[in-house]
Amino acid sequence: MTNITQNKTVIPMLDIKAQHGPIKEEIKQALKDILDSGQFILGPNVRLFEQEVASYYNVGHAAGLASGTDALYLCLKALDIKQGDEVITTPFTFIATAEAITYVGATPVFVDIDRYTLNMDVSKIEKKITLKTKAIIVVHLFGQPADMDEITELAGKYNLKIIEDCAQAFGARYKGRHIGTISDAGCFSFYPSKNLGAYGDGGMMITNRNEIYENVNLLRNHGTVAPYRHRFIGYNSRLDEIQAAILRIKLKHIDEYNRNRRKLANIYTSILDGAVQCPLEFQDRTHVYHQYTIRTQERDKVAAILRENNISSVVYYPVSLHMQEAFNYLGYKKGDLPESESAADEVLSIPIYPELKPEKAEYIGNVILKALKA
Ligand SMILES: *Cc1c(COP(=O)(O)O)cnc(C)c1O
């Protein structure tokens with residue numbers, strides 16, 4: 001009987017409870033302290049977490065926000081991007097990246113992706129720049145740092161702002177520099193499944209530019225400059241004190257979490273390289289594997305065999321943003337961004353999380369290898 005039960009145990013994409021185990025007493029104590037203090041909004045934990053993230057990234061400012069989506073939105077607002085403006089981004093990302101652009105009334109302009117990195121193809125950006133282009137939102141998809149040098153050069157040439165969407169890439173590096181610090185601002189999400197995940201929603205913006213920080217810091221709190229004095233119309237978009245306390249505890253472990261992800265990725269790549277397209281490892285970039293995403297024309301067969309073996313897998317993302325119903329109004333049609341469209345048909349993300357046992361990764365890799373030969 002026990003054997004049957006064991007075989008039915010599904011290997012999940014992510015195991016939040018496994019991460020909680022070793023830190024649960026510390027978290028309980030932090031939560032108890034907050035309950036005792038009665039300070040739930042913009043208290044000491046938010047302030048300290050902002051300082052700790054600013055110090056981790058060696059940047060001037062960090063603002064704790066309600067979500068990663070809000071981080072992007074408020075950052076665009078702070079940069080005065082508005083109706084009539086265009087913002088260049090990738091169509092192969094979570095919808096929030098492009099949604100934030102529409103929130104300020106601007107138009108997302110999608111640039112096709114590179115087949116191997118799945119990030120924006122920098123050779124295709126310049127053709128999309130018009131007199132209306134104001135900014136580029138770069139996404140470090142799945143934890144893989146994008147081509148920041150080329151993007152920075154283009155932004156300089158055309159006087160564009162750059163925002164980095166680092167929602168999937170906390171701790172990733174590009175040529176020794178932290179992603180999130182190679183542009184005007186870096187935006188993070190602490191959605192529970194992210195590399196640095198809270199126990200609810202949360203987000204952050206980091207920047208070295210005082211005016212961006214000042215703006216975002218006021219925007220998140222009704223434009224409040226002093227009690228009941230409001231400089232401009234703002235929002236309610238603060239990071240929660242309870243989430244900040246949890247994140248402070250997890251921040252101490254983020255490098256170790258990311259190291260474990262990289263070890264598991266290494267195991268997968270050593271088994272699967274050549275049989276499927278594996279994520280690229282650049283010598284001068286540190287991929288943090290928010291997802292380990294393989295690419296093969298036999299994607300659906302591999303997913304089915306994984307399912308038969310009680311191994312989870314997910315397609316991130318099954319539909320490129322330019323083909324989403326929500327973006328019909330932009331007027332794209334099938335074939336406009338062929339690399340993004342074919343990636344949507346061929347990618348498959350397989351389980352990766354810091355607590356996944358290396359033997360399990362080896363097992364999963366071998367199941368995929370066998371599936372491909374079947
Ligand atoms: C998760 C995510 C977001 C949005 O973050 P939320 O905290 O869920 O609002 C934005 N961009 C990317 C690439 C993401 O993965």
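Structure shown above.
Remember, predicted model here, so these are calculated numbers, not experimental data. Throughout, residues of each chain are indexed from 1 in the direction in which the sequence is written. Note on the predicted model: pLDDT of at least 70 is required for a residue's local features to be given, and 80 or more for side-chain atom pairs to be given and counted; whole-chain, interface and lining totals, by contrast, use all residues. Note that water and hydrogens are dropped before the side-chain values are worked out from all heavy atoms of the structure.

Q: How should the overall build of the protein be read in this particular structure?
A: A count of helical and extended segments in the protein gives 13 helices and 14 strands. Taken over the C-alpha trace, the protein has a radius of gyration of 21 Å; the compact-globule value for 374 residues is 21 Å, and the two agree within 12%. Each principal axis of the C-alpha atoms in the protein carries an extent, and together these give about 65 × 55 × 35 Å. Relative accessible area decides the class of each residue, using a 1.4 Å probe on protein chains only: under 20% of the type maximum gives buried, over 50% gives exposed, and in between gives partly exposed. Split into buried and exposed, the 374 residues of the protein put 54% on the buried side. Numbering goes from the N terminus for both helices and strands, where a helix is a DSSP run of H or I of at least four residues and a strand is a run of E of at least two. Using C-alpha atoms as the atom set, the radius of gyration is obtained and then compared with a globule rule of 2.2 Å times the number of residues to the power 0.38.

Q: Quick question: what am I supposed to make of the pattern of salt bridges here?
A: For salt bridges, the criterion is a side-chain nitrogen of Lys or Arg within 4 Å of an Asp or Glu carboxyl oxygen. Inspection of the entire model under this criterion finds 20 salt bridges. Of the charged contacts in the structure, one is a salt bridge between Glu-52 and Arg-248, with a shortest N-O distance of 2.8 Å. Remark: Arg-248 occurs in helix 9 (residues 241–251) and Glu-52 occurs in helix 4 (residues 44–57); sequence separation between them is 196 residues. Residue classification places Arg-248 among the partly exposed positions, given a relative accessible area of 23%. Arg-299 is paired through a salt bridge with Asp-300; the nearest N and O atoms lie 2.7 Å apart.

Q: Can you help me understand the site of the ligand in this one?
A: Whether a residue is near a molecule or strand depends on its heavy atoms: it is near if one of them lies within 4 Å of it. Close contacts around the ligand come from 14 residues, with Gly-68, Thr-69, Asp-165, Ser-189 and Lys-194 the closest. In protein, a polar contact requires one atom able to donate a hydrogen and another able to accept it; more generally it is a pair of N or O atoms within 3.5 Å, and residues adjacent in sequence count only if both atoms are side-chain atoms. Ser-189 has a polar side-chain atom sitting 2.6 Å from an oxygen atom of the ligand. Accessible surface is estimated by sampling points in the Shrake-Rupley manner with a 1.4 Å probe; for residues, cover comes only from the protein chains shown. Coverage of the ligand by the protein chains reaches 93% of its 380 Å² of free accessible surface. Polar here means any residue other than Ala, Val, Leu, Ile, Met, Phe, Trp, Tyr, Cys and Pro, which are nonpolar, and Asp, Glu, Lys and Arg, which are charged; Gly is therefore polar. Classifying every residue of the shell around the ligand by side-chain character gives four nonpolar, eight polar and two charged.

Q: Which parts of the structure should I look at to understand the sheet that holds strand 5 (residues 161–165)?
A: The strand order across the open sheet formed by seven strands is 1-9-8-5-4-2-3, and the pairing between neighbours is mixed. With one partner strand each, in any of the chains shown, strand 1 (61–65) and strand 3 (107–110) form the two edges of the open sheet. On average, each strand axis in the sheet is inclined to that of its neighbour by 25°, with strand direction left out of account. Two strands are counted as paired when DSSP detects at least two bridges linking them. With four bridges joining them, strand 2 (residues 86–89) and strand 3 adopt parallel strand pairing. Paired with Glu-86 across the strands is Thr-107, a residue of strand 3. Running over the sheet, helix 4 touches strand 1, strand 8 (185–189) and strand 9 (203–207) and is turned about 50° from strand 9. Whether two residues are in contact is decided by their heavy atoms, any of which lying within 4.5 Å being enough. An axis is simply a line fitted to the C-alpha atoms; with a helix, the fit covers only the stretch in contact. Between two such axes, the angle follows the N-to-C directions and lies from 0 to 180 degrees. Its contacts with the sheet put helix 6 (residues 96–103) on strand 2, strand 3, strand 4 (133–139) and strand 5, and the angle it makes with strand 3 is roughly 145°.

Q: Teacher, can you tell me more about the sheet that holds strand 6 (residues 173–174) here?
A: Hydrogen bonds along the backbone pair up the strands of a sheet, which may run parallel or antiparallel. If you walk across this open sheet you meet the three strands as 7-6-12, and the pairing is antiparallel. Two strands bound the open sheet, and with one partner strand each, they are strand 7 (177–178) and strand 12 (285–286). Of the strand pairs in this sheet, strand 6 and strand 12 are connected by two bridges, and their pairing is antiparallel. When the bridges of strand 12 are listed, Tyr-174 appears paired with Arg-285.

Q: Which parts of the structure should I look at to understand the packing of aromatic side chains?
A: For any two aromatic rings, the description comes down to two numbers: the centre-to-centre distance and the angle of the planes. By convention, a stacked pair of Phe, Tyr or Trp rings (six-membered ring in the case of Trp) has centres within 6.5 Å and planes under 30 degrees apart, an edge-to-face pair has planes over 60 apart, and any other such pair is tilted. Scanning the model with the defined rule gives 17 aromatic pairs in all. Arranged with centres 5.2 Å apart and planes meeting at 45°, the rings of Tyr-57 and Phe-188 form a pair that is tilted. Residue Tyr-57 is located in helix 4, and its partner Phe-188 is located in strand 8; the two are separated by 131 residues in the primary sequence. With relative accessibility at 1%, the residue Phe-188 sits in the buried group.

Q: Is there a simple way to think about the pairing of strand 4 in this case?
A: In the case of a regular strand, side chains alternate between the two sheet surfaces. Counting buried residues in strand 4 gives six out of seven residues, a clear majority hidden from the surface. Relative to strand 4, strand 2 is paired through three bridges, and the arrangement is parallel. The partner of Val-87 across the bridge, within strand 4, is Ala-135. The parallel pair strand 4 and strand 5 is bridged by helix 7 (residues 148–158), and the resulting crossover is right-handed. Look down the strands so they point away from you; if the path from the first strand over the helix to the second goes clockwise, the crossover is right-handed.

Q: I keep staring at helix 6 and nothing clicks. Help me out?
A: Residues spaced three or four apart along an α-helix point in a common direction, a consequence of the helix completing one turn every 3.6 residues. Those residues of helix 6 not exposed but buried are Ala-96, Thr-97, Ala-98, Ala-100 and Ile-101. Buried residues along helix 6 sit against helix 5 (68–78), strand 2, strand 3, strand 4 and strand 5. Immediately downstream of helix 6, the backbone of Gly-105 shows phi near 90°, a positive value.

Q: What exactly am I supposed to notice about the packing of helix 5 against helix 6 here?
A: When two helices pack together, their arrangement is given by the angle between the helix axes and the distance between those axes. Interaxial distance between helix 5 and helix 6 falls to 9 Å at its minimum, and their mutual angle equals 35°. As for how helix 5 packs across helix 6, the hand of that crossing is right-handed. The residues of helix 6 that touch helix 5, namely those facing Thr-69, Leu-72, Tyr-73 and Leu-76, are Ala-96, Thr-97, Glu-99, Ala-100, Ile-101 and Tyr-103. Of the residues in the contact of helix 5 with helix 6, the class split is seven nonpolar, two polar and one charged. Two helices that cross are described as forming a left-handed crossing if the nearer one is turned anticlockwise from the farther one by less than a right angle, and a right-handed crossing if clockwise.

Q: Got a minute to help me understand a nonpolar patch on the surface in this structure?
A: A contiguous nonpolar surface patch, about 300 Å² in accessible area, is contributed by Leu-35, Phe-40 and Ile-41. Within the secondary structure, Phe-40 sits in the loop between helix 3 (24–37) and helix 4. Owing to a relative accessible area of 36%, Phe-40 belongs among the partly exposed residues under this scheme. To count toward a patch, a residue needs a relative accessible area over 30% and no salt bridge; like charges are then connected within 9 Å, while nonpolar side chains (Val, Leu, Ile, Met, Phe, Trp, Tyr) are connected within 5 Å.

The values are spatial; any link to function lies outside them.
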